[in-house]
Structure formats: C-alpha cells, structure tokens
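# What the coordinates show
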Amino acid sequence: MLHTPLCDLLGIEAPVLQGGMAWIADARLAAAVSNGGGLGIISAMNAGGDYLREQIALCRSLTDRPFGVNIMLMSPHVAEVAQIVAEERVPVVTTGAGSPAAYMPAWLAAGIKVIPVVASVASARMAARAGAHALIAEGMESGGHIGELTTMVLVPQICDAVDIPVIAAGGIADGRGVAASLMLGAVGVQVGTRFLVAEECGVHQVYKDKVLEATDISTVMTGRRFGDTCRCIKNGFARNYLKIEFDPAASADQVANFGVGALRRAAIEGDAKNGCFLAGQCAGMVKTEQPAAEIIRELCDGAERLLKR
Amino acid sequence: MVFEKVAAMLADHVDCDVAEIKMETAFADLGIDSLEVAELVMQLEDEFNCELEMSQNIKTVKDICAVIEAKIA
C-alpha cells in the first residue's frame, strides 16, 4: 500500500485519516478505519467526558491499532475532554476551531501525537511552534467549519511555512485527490465526506443518501456574515439559514440560535428538510456505500497508479 | 505605547483612519476574522519582539493590548 513518512509517524499502514465529524465520527467508524489501515478518529464534539470515555473504551475493544480523538476547542467541555485524552493516552489528538497551545504540555507529556487542523499559514506556524507533530491543512472544499482558502493553495503555502509534516484535507475523495495532495507537498490526507457513507458509519441513512445523491453544486457556505463559515448540503435548512443570515435586521445571536440542534436533526433523526447536513464539495464524487477498508484501499491504489505514470 | 502601535497596525491593515481605532473596538467591527487575528498576532510578535498566545478571548483592541503588556512588562 501507498507508504509515506506519516505512516511511520503514526504507526499506520495507509496515510489516510478519517475526519472527526461531529455526530458522525464515533468509535465504530473510527475502529473500522483503523482496522482498514488508516487512522480512525472519534469526535469528542460538544459532549461531556462520560461520552468520550465510553467511546474510547469501545474503540479499544474493536481495534488494537492506533486511533485518534478530535477535540473541538470551542466545546464547553474542552478542559475535561483535554484531560481525558491525556489520562487515556489516546495515540493521536486532532484539534479544531482554535489554538491548542494551552493543552499541549499535558498531551505531549502523555506521549500523544498532536495534529491541529489549520486553515491559514499564521495558525500553522503557531501550532508548529507550540509543538504539534504534524498539521492538517484544511481547505474550504471541506464540509463543516472552514476557512477561506482552497486546498490547492493552502497546502503548498503551509508546507513552505513549517518544518513538520502536513496532511491535506478538503475535496479529497479518490486516488486523484490523494496523488494531488502528495504533489502539493502533503504526506497524507484527511477524508471526511467519503467515510460518511462507509458501511460502518452509523449516521442516519437519510444523511448518507443526501451525500450519495449530491452533485458538484450541492453544497453551500453558511455563516460567513458572522465569521463562522460552515459548508453543508443546500437543503431547506441551509436556504432558510441563508435568508436569516443575510437579513440586515437579524442579529448574530438570532442567526446562531437558528442553527441550534440542526446537526443532531440531520445525523440522528434524519430530518431531510430541517437538519444541517455538513458535507464537502466532493460529495458529488461519492457514489457508493462501501466498507471503510475498501475506501482506504481505493484511495491508496488509485494514487499509486497515478504516481507511477 | 502598546495601544498606539497596535492601533497604527490595525488602521494600516484595514485602511481606516487611526483615530477610528479605540480600545473598545472589536476586531469583528473592523471586519477582521479569526484567521486575520492570528496573522496580526504574528506581526505584533515581530513588532514587540515577544511570543504571544492566541486565544478565543482576544476579541478587542483592549484584549490584544493586555496580552502584549503582560508579555513585555
């Protein structure tokens, strides 16, 4: 299988990380990805410590391979979950939505490999300075919370700015994306949307169908007005959100309140109209529900074929 | 001194009159998003020759001035 220095750094077979998607990336999906040779990641989302401990234990019962936990630094429970990953000595932690500098000493002392998700050169340099082992450079093609730059321009600029390994994310759904990422200077990829339809992913079938039926123009960016940009499928919820967002009379709080509970409505309840279905622009390239291990094999084999040409 | 330098840098960054930058001015009011704040913090590190910590709590000119003053005091 495709081998890069990232495989040696993390002790994995394939340089493929599974995105820490809130309400979606649970222990079962993470374990399936890790068993398939990649790095599965559990999302700590906005949940408390008990949920995370339970998920870590479940993941360990399903795989003896390395896995990670994604910590959203704006979570109200961030201090608690940051301590739990250290106590549990989780092999890898990825972070989103801010600078993880405050938690780095405890994580490094616990032997955790820390990989912050960054969307700009300045945040990449700060994370590297704080002691990160690698970075995920996430372009705005991604689903969920995003920056402004595309993967194509972000990855090489971050590769030039830091001396640690860079993992590309955003818009990668097949071997072509993996090969392109390596060409841009990355040593691996993080894939979210394609793993969302993995057989082992427990998200509601309505969510999977939204992704499987998506075309190239099916996603839209919401929240830009208040600097909280998010990419999701353009359904009833997204259209109504945009209406409120660009209503000059609406306040930031009113807009934020409109989004409360929408991820749960999508992922757990499968509410096609009122849920917020986070997905990347590559949703239009995702056509089959298949086992996570098969997805990893296709990503790597496809890239290898292209790189040998 | 810190405020004057920060205000000058911000005014230059967003192309506004330096008089418009007050202690209570929020970055959001200037149309500066969190990615830009990170970049400005790096520039301020060079300006004041110190290492600053990024945090979600840096929202206003006053916040960033306090972080810098704590470092160079």
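Not measured: the values here are computed from a predicted model.

At the junction of the two partners, chain A supplies 15 residues and chain B supplies eleven residues. When residues of chain A are sorted by the area they lose upon contact with chain B, Ala122(A), Met126(A) and Arg129(A) head the list and together hold 48% of the total. Joining chain A to chain B, the criterion identifies two salt bridges. In this structure, the salt-bridge partner of Glu45(B) is Arg129(A), at a minimum N-O distance of 2.6 Å. Considering only residue class, the side of chain A that touches chain B consists of seven nonpolar, five polar and three charged.

Moving on to the domain arrangement of chain A. Residue and element names in this part refer to chain A. What the domain assignment lists for chain A is domain 1 (5–202 + 288–308) and domain 2 (219–278). One C-alpha centre belongs to domain 1, the other to domain 2; they are set 25 Å apart. When residues of domain 1 are sorted by the area they lose upon contact with domain 2, Trp23, His145 and Ile146 head the list and together hold 49% of the total. At the boundary of domain 1 with domain 2, the tally comes to one salt bridge. Between Glu148 and Arg224 there is a salt bridge whose closest N-O contact spans 2.7 Å. Where domain 1 meets domain 2, there are six residue pairs in polar contact (both at pLDDT 80 or more). Residue classes in the side of domain 1 that touches domain 2 are distributed as five nonpolar, four polar and two charged.

Residues and elements named next belong to chain A. By volume, the second largest pocket amounts to about 200 Å³. Around the second largest pocket, the lining residues are Glu141, Thr151, Met152, Gly170, Gly171, Ile172, Arg176, Gly177, Ala180, Ser181 and Leu184. Of all elements in the fold, only α7 (151–161) and α8 (175–183) reach the threshold of two or more residues within the lining of the second largest pocket. Broken down by element, the residue count for the lining of the second largest pocket peaks at four residues, all from α8. When the residues that make up the lining of the second largest pocket are grouped by side-chain class, the tally is four nonpolar, five polar and two charged.

Time to look at the sheet that holds strand β10 (residues 219–222) of chain A. Residues and elements named next belong to chain A. Spatially, the three strands line up as an open sheet ordered β7-β11-β10, and their pairing is antiparallel. Each edge of the open sheet carries a strand with a single partner, namely β7 (144–145) and β10. Direction of pairing for β7 relative to strand β11 (residues 230–233): antiparallel, over a ladder of two bridges. Within β11, the position partnered with Gly144 by the bridge is Arg231. This element, helix α11 (residues 236–245), spans β10 and β11 of the sheet and lies at about 30 degrees to β10.

All names here are of chain A. Taken as a whole and judged by the stated rule, the model has five aromatic pairs over all chains. Ring centres 5.8 Å apart and planes at 50 degrees place the aromatic pair Phe237 and Tyr241 in the tilted group. Taken as a pair, Phe237 and Tyr241 lie in helix α11 at a separation of four residues, close to a single helical turn. Residue classification places Phe237 among the buried residues on the basis of a relative accessible area of 5%. Members of the aromatic cluster, joined through ring pairs, are Phe237, Tyr241 and Phe258.

What follows deals with the sheet that holds strand β3 (residues 67–72) of chain A. Residues and elements named next belong to chain A. Taken in spatial order, the eight strands line up as β1-β9-β8-β6-β5-β4-β3-β2 in an open sheet, and their pairing is parallel. Both edges of this open sheet fall to β1 (16–18) and β2 (40–43), since each of them pairs with a single strand only. On average, each strand axis in the sheet is tilted by 25 degrees relative to the strand beside it, whichever way the strands run. In this structure, β2 lies alongside β3, joined through four bridges in parallel fashion. The partner of Gly40 across the bridge, within β3, is Phe67. Along the sheet, helix α4 (residues 78–87) makes contact with β3 and β4 (92–96), crossing β3 at roughly 165 degrees.

Parameters and conventions
Residues numbered from 1 in each chain as written. Chains lettered and ligands numbered in written order. Predicted model: local features only at pLDDT ≥ 70, side-chain atom pairs only at ≥ 80, totals over all residues. Heavy atoms only, no water. Contact = heavy atoms within 4.5 Å. Buried area = accessible area lost by both parts, 1.4 Å probe. Salt bridge = Lys/Arg side-chain N within 4 Å of Asp/Glu carboxyl O. Nonpolar A, V, L, I, M, F, W, Y, C, P; charged D, E, K, R; others polar. Domains from an automatic or database assignment. Polar contact = N/O pair within 3.5 Å; in protein donor to acceptor, adjacent residues only side chain to side chain. 1 Å grid on protein atoms, 1.4 Å probe; cavity = no way out; pocket = protein on both sides within 12 Å on 5 of 7 lines; lining within 4 Å. Points joined across faces, edges and corners; volume = space filled by probe spheres on them. Helix = DSSP H or I, 4+ residues; strand = E, 2+ residues; numbered from the N terminus. Pairing = 2+ DSSP bridges. Axes fitted to C-alpha atoms, helices over the stretch in contact; angles between N-to-C directions. Phe/Tyr/Trp six-rings, centres within 6.5 Å; stacked < 30°, edge-to-face > 60°. Buried < 20%, exposed > 50% of the residue type's maximum accessible area, 1.4 Å probe, protein only.

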